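Tertiary structure, described
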Amino acid sequence: MSKKLGFMQGRLVKDEKNLIQSFPTKNWVKEFSIANQLGLKKMEWTIDRKNILKNPLFNKDQIIKIKKLSKTNDLKIESVTCDFFMQRPFFKIKNKEKMSIEISLLKSLIKLSKKIGIKYFILPLVDNSSINNKKEEQVLIKELIKVSKILKNNKQKILFEIDYPPIKLKNFIKKFSPAVFGINYDLGNSASNGYDLNDEIDYFKYVNNVHIKDRKLNGHTVPLGKGHANFDFFFKNMKKINYKGNFILQTARGKNDISEIKKNIIFLKKYNFFN
């Protein structure tokens, strides 16, 4: 299996909170050995806003444990999905003190994550954290540019997963330095929004990480190949642009999550990208 193919943390163990995605509080250690058995080489960590400071990435002793588990199981953690950002987007908070708390959490995460080799922080700008107006966008840009120095010093990047249509997205990402900001492309979300891959290719030079999933048009996540994502066209263009980043399985859950991931791996093997 390709060293570039990984999975979203929590997808290999039983859901603990009746959510499609959340930090697996009880089983996060167990997931490392399962990933190793499946031959997966990358994990994307996830952080919720509730009990955020109890997440192992905010604990120096736990970070040491993560490093040991990663080495033992030949598993690299190079990205973090910041679900806490979506659950409490700072650019929508009017109280400056409360906004400052959320920004401080992001800064702390960036600094601590350097210790385990994390390169990318995925900030979701979808659903609860969708940008609704120009003012929200301006606040977001202003505050995140202030974080640029920390990112640059650590050689890390913030990647936006955003629901903007292709042209608007390209104009948005140009407002940031490509050295420390980029795009996390979500194949399923794009399919659900009805965006044309021919238009999206124009901004793919800014893409550093990809979430692999499938969704129906204007619908929910479904098993790979059962939705509107055009996998053939997508992977042909990934080869064309010589994409070097990771692919993270953020796929639909099933009755047996390990069996579901195995099916996804088999599905992807037909694309020579993963041989």
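Not measured: the values here are computed from a predicted model.

1. Regarding the overall build of the chain
Of the regular secondary structure elements, the chain holds eleven helices and ten strands. Here the chain has a C-alpha radius of gyration of 18 Å; the compact-globule value for 275 residues is 19 Å, and the two agree. Its C-alpha atoms give the chain principal-axis dimensions of about 50 × 45 × 35 Å. Partitioning the contacts of the chain with sequence separation of at least 6, the portion at a separation of at least 24 is 72%. Where the 55 positive side-chain charges of the chain centre and where its 26 negative ones centre are 6 Å apart.

2. Concerning the side chain of Asn264
Looking at where Asn264 falls in the secondary structure, it is placed in helix α11 (residues 257–269). When neighbours within four sequence positions are excluded, Asn264 is seen to be in contact with Leu224, Leu249 and Thr251.

3. Let's talk about the packing of aromatic side chains
For the coordinates displayed, the defined rule picks out 24 aromatic pairs. Between the aromatic rings of Phe85 and Phe90, the centroid separation amounts to 5.7 Å while the plane-to-plane angle is 75°, which identifies the pairing as edge-to-face. Here Phe85 and Phe90 have matching classes, each one buried. On the numbers, 4.9 Å between centres and 45° between planes, the contact of Phe160 with Phe176 is tilted. Of this pair, Phe160 sits in strand β5 (residues 157–162) while Phe176 sits in the loop between α7 (166–173) and β6 (181–186), and the two are 16 residues apart along the sequence. Judged by relative accessible area, which is 0%, Phe160 ranks as buried. Residue Phe176 is classed as buried on the basis of its relative accessible area of 6%.

4. A word on helix α1 (residues 30–38)
In an α-helix there are 3.6 residues to a turn, and that puts residues three or four apart on one side. Regarding α1, the residues found buried are Glu31, Phe32, Ile34, Ala35 and Leu38. The arc enclosing the buried residues of α1, seen along the axis, measures out at 165°, which places them on a common side. In this fold, the buried residues of α1 make contact with β1 (5–8), β2 (42–46), α2 (60–72), β3 (76–81) and α11. Looking one or two places after α1, you find Gly39, whose phi comes out positive at around 80°.

5. Topic: the pairing of strand β4 (residues 120–125)
Along any regular strand, the residues point their side chains to alternate faces of the sheet. Counting buried residues along β4, six of its six residues qualify, which places the element largely inside the surrounding structure. Of the two faces of β4, the one lined by Tyr120, Ile122 and Pro124 and the one lined by Phe121, Leu123 and Leu125 are each fully buried. Relative to β4, β3 runs parallel, the two being bridged by three bridges. Bridged to Thr81 within β4 is Ile122. In this sheet, β5 lies alongside β4 in parallel orientation, the contact comprising six bridges. Directly across from Leu123, in β5, lies its bridge partner Phe160.

6. Considerations on the nonpolar core
One broad trend across soluble globular proteins is that nonpolar side chains are buried collectively. Residues Trp45, Phe160, Phe172, Ile212 and Phe234 are the most contacted members of the largest nonpolar core, which totals 84 residues. Per-element tally for this core: the top contributor is helix α4 (residues 96–113), with seven residues. If we skip the residues at most four places from it in the chain, Phe172 touches Leu125, Ile131, Glu137, Leu140, Ile141, Phe160, Ile162 and Tyr164.

7. A closer look at the sheet that holds β4
Taking strand neighbours around the barrel as the criterion, the eight strands line up as β1-β2-β3-β4-β5-β6-β7-β10 in a closed arrangement whose pairing is parallel. Strand-to-strand, the axes of this sheet are offset by a mean angle of 30°, without reference to chain direction. Both β2 and β3 contribute to a ladder of five bridges, which runs parallel. Note on β3: the bridge partner recorded for Trp45 is Val80. Packed on one face of the sheet, α11 meets β1, β7 (207–212) and β10 (246–249) and runs near 140° to β10.

8. As for the pattern of salt bridges
Tallied over the entire structure, the rule returns eleven salt bridges. Taking the shortest distance from any N to any O, the salt bridge between Lys213 and Asp186 comes out at 2.6 Å. Of this pair, Lys213 sits in the loop between β7 and β8 (214–215) while Asp186 sits in strand β6; the two residues are 27 residues apart in sequence, bridging distant segments of the chain. Residue classification places Asp186 among the buried residues on the basis of a relative accessible area of 5%. Here the residues in one salt-bridge network are Arg49, Arg88 and Glu102, joined through shared partners.

9. What about the pairing of β5?
Counting buried positions along β5 yields six of six residues, so the element is predominantly enclosed. Bridging between β5 and β6 involves three bridges; their strand directions are parallel. Considered in β6, the bridge of Phe160 is made with Ile183. A crossover links β5 with its parallel partner β6, the connecting element being α7, and its sense is right-handed.

The rules behind each value
- Residues numbered from 1 in each chain as written.
- Predicted model: local features only at pLDDT ≥ 70, side-chain atom pairs only at ≥ 80, totals over all residues.
- Heavy atoms only, no water.
- Helix = DSSP H or I, 4+ residues; strand = E, 2+ residues; numbered from the N terminus.
- Rg over C-alpha atoms; globule rule 2.2 N^0.38 Å.
- Contact = heavy atoms within 4.5 Å.
- Lys, Arg positive; Asp, Glu negative; His and termini not counted.
- Charge placed at Lys NZ, Arg CZ, Asp CG, Glu CD.
- Phe/Tyr/Trp six-rings, centres within 6.5 Å; stacked < 30°, edge-to-face > 60°.
- Buried < 20%, exposed > 50% of the residue type's maximum accessible area, 1.4 Å probe, protein only.
- Arc of directions from axis to C-beta.
- Pairing = 2+ DSSP bridges.
- Core = buried A, V, L, I, M, F, W, Y, C linked by side-chain atoms within 4.5 Å.
- Axes fitted to C-alpha atoms, helices over the stretch in contact; angles between N-to-C directions.
- Salt bridge = Lys/Arg side-chain N within 4 Å of Asp/Glu carboxyl O.
- Right-handed = clockwise from strand over helix to strand, strands pointing away.

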